[in-house]
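# A closer look at the structure
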Amino acid sequence: MADWTKDARAYLASALIAGKPKGASEIVFMPELSGDDGILLAEYRALFRGVSNTVLQHRLFKGNRLPTKKTGFEYTLGTGVSRLGQIGGGDYGLFITTDDAFGSTGRKMLQLFAAGVAGVGIQSGRHTGYAGLIDLKTGDLLWINADYAMGGDVRDAAGASKRVAQLLEDFPLQGTPVVAAK
């Protein structure tokens, strides 16, 4: 893992603690897990990404909305996720995903050249993120927030704080413990 990735994770964790979601009584980070528990966490992270991508594609953003999902909000990871609540000690799980790609100086120069010569634009970076709240008893997805054009450079503390603030806009819980995975 690159140093900047480790640093970004630490900055995001610190920003999450400092900017505790509106009214959450406590933020508890999931411990480093190995063996069967580690596999279980990895599987639920992957399942969360799949469910979230479905919500984002077919529910949140216009264009691909499914006719059966125009009303209601019924998405779940299943009741097996309750094991994560037992391991982490929380009632709710906060899953956060950010995806950042930064353009190098060479890539940015190529962009300028391509735009000037051929009128072609090349994307030099990508900054997306989403956060979702799971009821760890039922597995139900209670809330999700996403942005395909996130601000904040997660490679520094100020940028990570900005990213966390964007991800946690309209956070729904008041006064409940939340388990978050680092």
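See the structure shown above.
Residues numbered from 1 in each chain as written. Predicted model: local features only at pLDDT ≥ 70, side-chain atom pairs only at ≥ 80, totals over all residues. Heavy atoms only, no water.

Our focus in this paragraph is the overall build of the protein. The helix and strand inventory of the protein stands at five helices and five strands. Mapped in sequence order, the helices and strands of the protein form the string α-β-α-α-β-α-β-β-α-β. For the protein, the proportion of contacts with a sequence separation of at least 24, taken over those separated by at least 6, is 70%. In the form shown here, the protein has an accessible surface area of approximately 10100 Å², with 52% of it arising from carbon and sulfur atoms. (Helix = DSSP H or I, 4+ residues; strand = E, 2+ residues; numbered from the N terminus. Contact = heavy atoms within 4.5 Å. Areas by Shrake-Rupley, 256 points an atom, 1.4 Å probe, with all protein chains shown as cover.)

The next point concerns helix α5 (residues 157-167). Looking only at α5, the buried set comprises G159, A160, R163, V164, Q166 and L167. For α5, the angular spread of the buried residues around the axis is 160 degrees, confining them to a single face. Two or three places before A158, at the start of α5, stands the capping residue D156, its side-chain oxygen 3.2 Å from that residue's backbone nitrogen. (Buried < 20%, exposed > 50% of the residue type's maximum accessible area, 1.4 Å probe, protein only. Arc of directions from axis to C-beta. Polar contact = N/O pair within 3.5 Å; in protein donor to acceptor, adjacent residues only side chain to side chain.)

Attention shifts here to the packing of aromatic side chains. With the rule as written, the count across this model stands at two aromatic pairs. A ring pair is formed by F48 and F95, whose centres lie 4.8 Å apart and whose planes are at 25 degrees; its orientation type is stacked. On the criterion of sequence distance, the pair formed by F48 in helix α2 (residues 35-60) and F95 in strand β2 (residues 92-101) is long-range, its members being 47 residues apart. Accessibility classification places F48 together with F95 in one group, the buried group. (Phe/Tyr/Trp six-rings, centres within 6.5 Å; stacked < 30°, edge-to-face > 60°.)

Here we take up the pattern of salt bridges. The final tally for this structure, using the stated rule, is two salt bridges. The salt bridge involving D37 is made with R83; its shortest N-O contact spans 3.3 Å. Here R83 lies in helix α3 (residues 82-88) and D37 lies in helix α2, a separation of 46 residues in the sequence. What makes D37 partly exposed here is its relative accessible area of 25%. In this structure, the salt-bridge partner of D91 is K137, at a minimum N-O distance of 3.3 Å. (Salt bridge = Lys/Arg side-chain N within 4 Å of Asp/Glu carboxyl O.)

Here the focus is the environment of I134. As for its position among the elements, I134 is in strand β3 (residues 126-135). In the structure, I134 is positioned 57 residues away from L77 in sequence and 8.0 Å away in space, judged by C-alpha atoms. Not counting residues within four places of it along the chain, the set of residues in contact with I134 comprises F48, L77, V81, D91, Y92, G93, F95, G139, D140 and L141.

Take the side chain of S52 next. Take S52: it is sitting in helix α2. According to the relative accessible area criterion, S52 is buried, its value standing at 0%.

Within the largest apolar cluster, 20 residues are counted, with the highest numbers of intra-cluster contacts made by F48, L77, V81, L84, I134 and L141. Looking at this core, the elements that each hand over two or more residues are α2, α3, β3 and β4 (141-147). Residue contributions to this core peak at seven residues, all from α2. Once you skip the residues sitting within four places of it in the chain, L77 turns out to touch Y44, L47, F48, V51, F95, I134 and G139. Counting residues in hydrophobic clusters, the runner-up holds 19 residues, among them A8, L12, L133 and L168. (Core = buried A, V, L, I, M, F, W, Y, C linked by side-chain atoms within 4.5 Å.)

Mapped onto the secondary structure, A165 falls in helix α5. Distance in space between the C-alpha atoms of A165 and L16 is 8.4 Å, their sequence separation being 149 residues.

Structural measurements only, silent on function.
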